[in-house]
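A closer look at the structure
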Amino acid sequence: MTGEQRATTARGGKPARQSRKSKLKRTGTTRCLLQWVESAINIPESRTPQIVPKPVFRMTVEFSITQSMITIKVQNFCSQILILRSIYLYYETSKRVVLFGGVLRMVPGYEFAMEKEIHEKEDRSYHVVFLSDLLGTPYRLRETVMIHLLSPRKARGPPLKLSKLPVFPVPEYVQEVYLYGFLENPHYSRNASLWLERLKAYRAKQLNADNLTDYLRSLDQIDEFDSHLQMLRYTVENGTLEERLPKEYVLTIDQFKVPPVLLEVGSHVQVNCGVIGRNSGPTIVRGTIVERSSIILIETETPLKTLRSLKIEFPLNRLQYKLEYTALVHMSRLDFSSILFPKIESAKPKTPAKTFNDAVITEFDWFQSCIAENEQQTQAIKNIVNRTAYPAPYILFGPPGTGKTCTIVEAVLQIWKMRPKSRILVTATSNYACNELAKRLLKYVTVNDLFRYFSQTSQRDINGMDLKVVQVSNMHYGIYETPAMQDFVQTRILVCTVMTSGRLLQLGVDRSMYDYIFIDECGSCRELSALVPIGCVGTDTVNNRLQASVVLAGDPLQLGPVTRMPYLRDTPHNSSLLERLMKRPVYQKDANNNEYSPHMVTKLLDNYRSHESLFRFSNQQFYDAELRAKGDPTITHWAVNWHHLPNRKLPMLFHSVVGFMQQDSISLSYWNVQEAQLVYQYVQILMKEEINGQIVRQEDIGIVTPYSKQVEFIKNGLSTLGLDNIEVGSVDQYQGREKPVIIISAVRSNRTTVGFLADPRRLNVALTRAQALTIVIGNPENLMRNVTWYNFLKMMKQNRAITGINFNLTKRHLVPVEEGGGETMDGLDFA
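So, a few notes on the structure that sits alongside this text. Predicted model only: the values in this text are computed from it and were never measured. Along each chain, numbering runs from 1 in the same order as the chain's sequence is written. Two thresholds apply to this predicted model, a pLDDT of at least 70 for residue-level local features and 80 or more for giving and counting side-chain atom pairs, whereas whole-chain, interface and lining totals are computed over all residues. Side-chain metrics in this entry use all non-hydrogen atoms of the structure; hydrogen atoms and water are not considered.

**Brief notes about the nonpolar core**
Remark: nonpolar core denotes a set of buried residues (Ala, Val, Leu, Ile, Met, Phe, Trp, Tyr, Cys) joined through side-chain atoms within 4.5 Å. A 1.4 Å probe rolled over the protein chains alone gives each residue an accessible area, and that area as a share of the maximum for its type sets the label: buried under 20%, exposed over 50%, partly exposed in between. Formed by 118 residues in total, the largest nonpolar core has its most connected members in Ile222, Phe488, Ile493, Phe518 and Leu531. Secondary structure elements follow DSSP: runs of H or I no shorter than four residues count as helices, runs of E no shorter than two count as strands, and numbering proceeds from the N terminus. Take this core: its biggest share by element is eight residues, from helix H8 (residues 404-418). Not counting residues within four places of it along the chain, the set of residues in contact with Phe518 comprises Ile384, Ile408, Ala411, Val412, Ile415, Ile424, Leu425, Val426, Thr427 and Val551. Counting residues in hydrophobic clusters, the runner-up holds 36 residues, among them Tyr734, Ala746, Phe792 and Leu793. Contact criterion: two residues are considered in contact whenever any of their non-hydrogen atoms come within 4.5 Å of each other.

The structure is reproduced here in structure tokens:
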């Protein structure tokens, strides 16, 4: 058998109304993946008891590629006795292998384990079915784990070793000025005084070619030191952990002195167990956070010897900062004026192909037939292939639903075909975007020509990834492996995140290897992060020039980078490279013809995602009313005339409600029960009724809300309704996504401002995710205090698209923008 990629659960019978969701776990001990699942209860048809007990067991399925061995572990975590009846392995359509048959009495805490060698079948998928009874009850438990098998490629060579990055410590003078609040102080050291003076001069002059390296480095040092101090606040001095599994421990939130709002899955943990033994010093065990909810679940490298009187620290992960500092080092000798601060002369036609010894290409045979019908897309692709902006970046300005990803994919394919000696680095800020790009490219390129490079932290998300993408990656055996040099040398297209691209420098990959660098979602990451692939991969430090032709793709009018520290919000640290460049004259429209220079930037205009009315507000507010509806009517028009619409011709409504916004004491985020209840009502209406003959599935519905606590609250409510497949996420998580139906919960209520909803880009993103139907739920009395929301409500009023509580729209509630801010993500102010 060649390999196993992921295990996903499919429950049999009728699950209990209160059954808990399945969770994923993985191991690195063998080349395999693990999954544990918790019990679902089959309730006999004749009985519907008032209270359903919630027994919990855990089943782990492991497949070893090297030994063709399947290992199954079953653990009883409930307080009742389980009777294990059988475990079956199903394959093909109906063939079955009995892995366990008999009766096994499993008392609370009992663990059963077994191994069996199995042989590969052609259908490449298996079902492991577990059957047991709950002693003394009529309930039978059934759990099914589905195993998909990979066809992993052969290893291309021995794995490389990551060299260590320089330490790049934050200088003491930076720390000194920070601790005094960046104010003048006669007691500063000389270095601190000089640095503060330079910093003030940089802020006055703004970012330019002369100060870019030092200014961005200084801002990053401030951000790093601030983050370090925030993490120190979460230290638990006399902590107690509860063991859930070997090397898995629960840390309760009530042990923190301050709410640990910055801790997330993947955060580093360091447990100081004190002095163990007479002659031994303190024992320090490292680990990571693997679950973050009402509790924190920690996975350690080795088992803990004690669970009490622990000092638990959360050291800052400095990798991103180190990679950004490294990028600045390698860019320091370049001519920034022509690359990152191009002047109007750069927009004139030129032939940079001479620099690369390539002929100008004028004839194209399109891979995606729809490209030929779109003037802006074909224009962008031709100019990207021919490097018309080089050495300055070429900008692909992609408003919502205009085919930005499609254009990037076609441009990469044309380079792959027309420039056979060129190599292409394709990056994005998120793994989701990288996987989507890789999946689309694999429809046309050979698997031997594309390599998807994952970071080690990506392994925890492997179960949700496309099989074809995993098979061409460094997780092709189901677990993370360090790439081989041949993975880069023998392939022409490399896909990875912006930050992971910096690892190529540590692996010793030649920086002059890649001729094109694409940075997708460039508007959502800060400028210094976008410089990582440019500085670590695209620079030729021998000849002091930019080796690669850079393409920045994104939308400066959608959400940008998130900066938590107030001092950094009005600095280049809070702006993207895309946004800054778009403000330069060379990337702006010509006053004479109101057109962008096609040699430097292309703005896509045809919206293929949504019904015209769904993006009308954003089109008028943000995009100069230039966007055109080109979507397939069978996708975009099926909700028109739905009887729940106030205006049958407009597949959008605003439901007015006066809810109560509450703040969570742990996360400091907000939730609104009344709005959540309306979300549940609309979801149930959509699921029970057809819309004009169209059945709405759970996967067709997306719920968007700006606050993480509301996301959690709505998810839990939907789970109790058995609707676990409806995707609920924040506005930031939904950027770049789409769904046929989008329900938006604004949450803001009983407040005098709209908080961080005052950022118009947040509303722009939320309103442009739906293909056919948008439902907005909110308190108009609160929302109308913001000018952008006021204009949106005005449009909805004019189109008679409002239901719920009546309200009068008036400008007397408007609050100036500067008064409506002061609040960062989830209501936090990190000053």
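**Brief notes about the pattern of salt bridges**
One side-chain nitrogen of Lys or Arg within 4 Å of one carboxyl oxygen of Asp or Glu is enough to make a salt bridge. The full count for this structure, using the stated rule, is 34 salt bridges. Of the charged contacts in the structure, one is a salt bridge between Arg628 and Asp606, with a shortest N-O distance of 2.7 Å. On the criterion of sequence distance, the pair formed by Arg628 in strand S29 (residues 628-629) and Asp606 in strand S28 (residues 606-607) is long-range, its members being 22 residues apart. Classification of Arg628 as partly exposed rests on a relative accessible area of 37%. One network of salt bridges, in which partners are shared, links Glu579, Lys583, Asp759 and Arg761.

**Observations regarding the packing of aromatic side chains**
Any two of the Phe, Tyr and Trp rings considered here, Trp counted by its six-membered ring, make a pair once their centres fall within 6.5 Å; the pair's planes then place it as stacked at under 30 degrees, edge-to-face at over 60, or tilted in between. Within this structure, the stated rule accounts for 24 aromatic pairs. Measuring from centroid to centroid gives 5.1 Å for Tyr178 and Phe225, while their planes differ by 85°, and the two rings are edge-to-face. Taken together, the residues span a long stretch of sequence, with Tyr178 in helix H1 (residues 172-179) and Phe225 in helix H3 (residues 212-232) at a distance of 47 residues. Arranged with centres 5.4 Å apart and planes meeting at 5°, the rings of Phe364 and Trp366 form a pair that is stacked. Of the two residues examined, Phe364 and Trp366, each falls in the buried class. Taken together, the ring pairs in this structure connect Tyr178, Phe182, Phe225 and Tyr567 into an aromatic cluster. Here, over-ring charges are defined by two tests on the NZ atom of lysine or the CZ atom of arginine: distance to the ring centre within 6 Å, and angle to the ring normal within 35 degrees. Here the guanidinium or amino end of Lys797 rests over the ring plane of Phe807, the centre of that ring lying 4.5 Å away.

**A word on the sheet that holds strand S35 (residues 739-745)**
Strand order in the open sheet formed by six strands is S34-S33-S35-S36-S30-S37, and the pairing between neighbours is parallel. The sheet is open, and its two borders are formed by strand S34 (727-729) and strand S37 (802-804), each paired with just one other strand. Sheet twist, expressed as the average angle between the axes of neighbouring strands with direction ignored, equals 20°. The sheet contact formed by strand S33 (residues 701-704) and S34 spans three bridges and is parallel. Bridging from a neighbouring strand, Ile703 pairs with Val728 of S34. Here an axis means a line fitted to C-alpha atoms, over the contact stretch when the element is a helix, while the angle between two N-to-C directions is reported on a 0 to 180 degree scale. Strands in contact with helix H18 (residues 708-720) are S33, S34 and S35; relative to S34, the strand with the most contacts, it is inclined by about 160°. If DSSP finds at least two bridges between two strands, the strands pair.

**Quick look at the state of the cysteines**
By definition, a disulfide links the sulfur atoms of two cysteine residues through a covalent bond. The criterion for a disulfide is a pair of cysteine sulfur atoms lying within 2.5 Å. Applying the stated criterion across every chain, the model contains zero disulfides. Free of any disulfide, Cys522 has its nearest cysteine sulfur in Cys525, 4.9 Å distant. Take Cys522: its relative accessible area is 0%, and that puts it in the buried class.

**Remarks on the packing of helix H7 (residues 375-385) against H8**
At their nearest, the axes of H7 and H8 sit 9 Å apart, and the two run at 40° to each other. Overall, the two elements H7 and H8 adopt an arrangement that is oblique. Regarding H7 and H8, the two cross each other, and that crossing is right-handed. Every residue of H8 that contacts H7 at Gln377, Ala380, Ile381, Ile384 and Val385 is listed here: Cys406, Thr407, Glu410, Ala411, Gln414 and Ile415. Note that the term roughly parallel is reserved for angles under 35 degrees, roughly antiparallel for angles over 145, roughly perpendicular for angles of 65 to 115, and oblique for everything else. By convention the crossing between two helices is left-handed if the near helix lies anticlockwise of the far one by an angle smaller than a right angle, and right-handed if it lies clockwise.

**Considering the pairing of strand S19 (residues 394-397)**
For a regular strand, side-chain orientation follows a simple rule: the groups alternate between the two sheet faces. In S19, alternate side chains face the same way, and those of Tyr394 and Leu396 on one face and Ile395 and Phe397 on the other are all buried. Strand direction decides the pairing type here: S19 and strand S26 (residues 549-554), joined by four bridges, are parallel. Of the residues in S26, the one forming a bridge with Tyr394 is Val551. In this sheet, strand S27 (residues 601-603) lies alongside S19 in parallel orientation, the contact comprising three bridges. Along S27, the bridge assignment pairs Ile395 with Val601.

**A few points about the side chain of Glu224**
Of note, Glu224 is situated in helix H3. At 2.8 Å, the side chain of Glu224 forms a polar contact with the side chain of Tyr325. Pairs of N or O atoms within 3.5 Å make up the polar contacts considered here, provided that, within protein, one atom can donate a hydrogen while the other can accept it, and that residues adjacent in sequence are counted only when both atoms are side-chain atoms.

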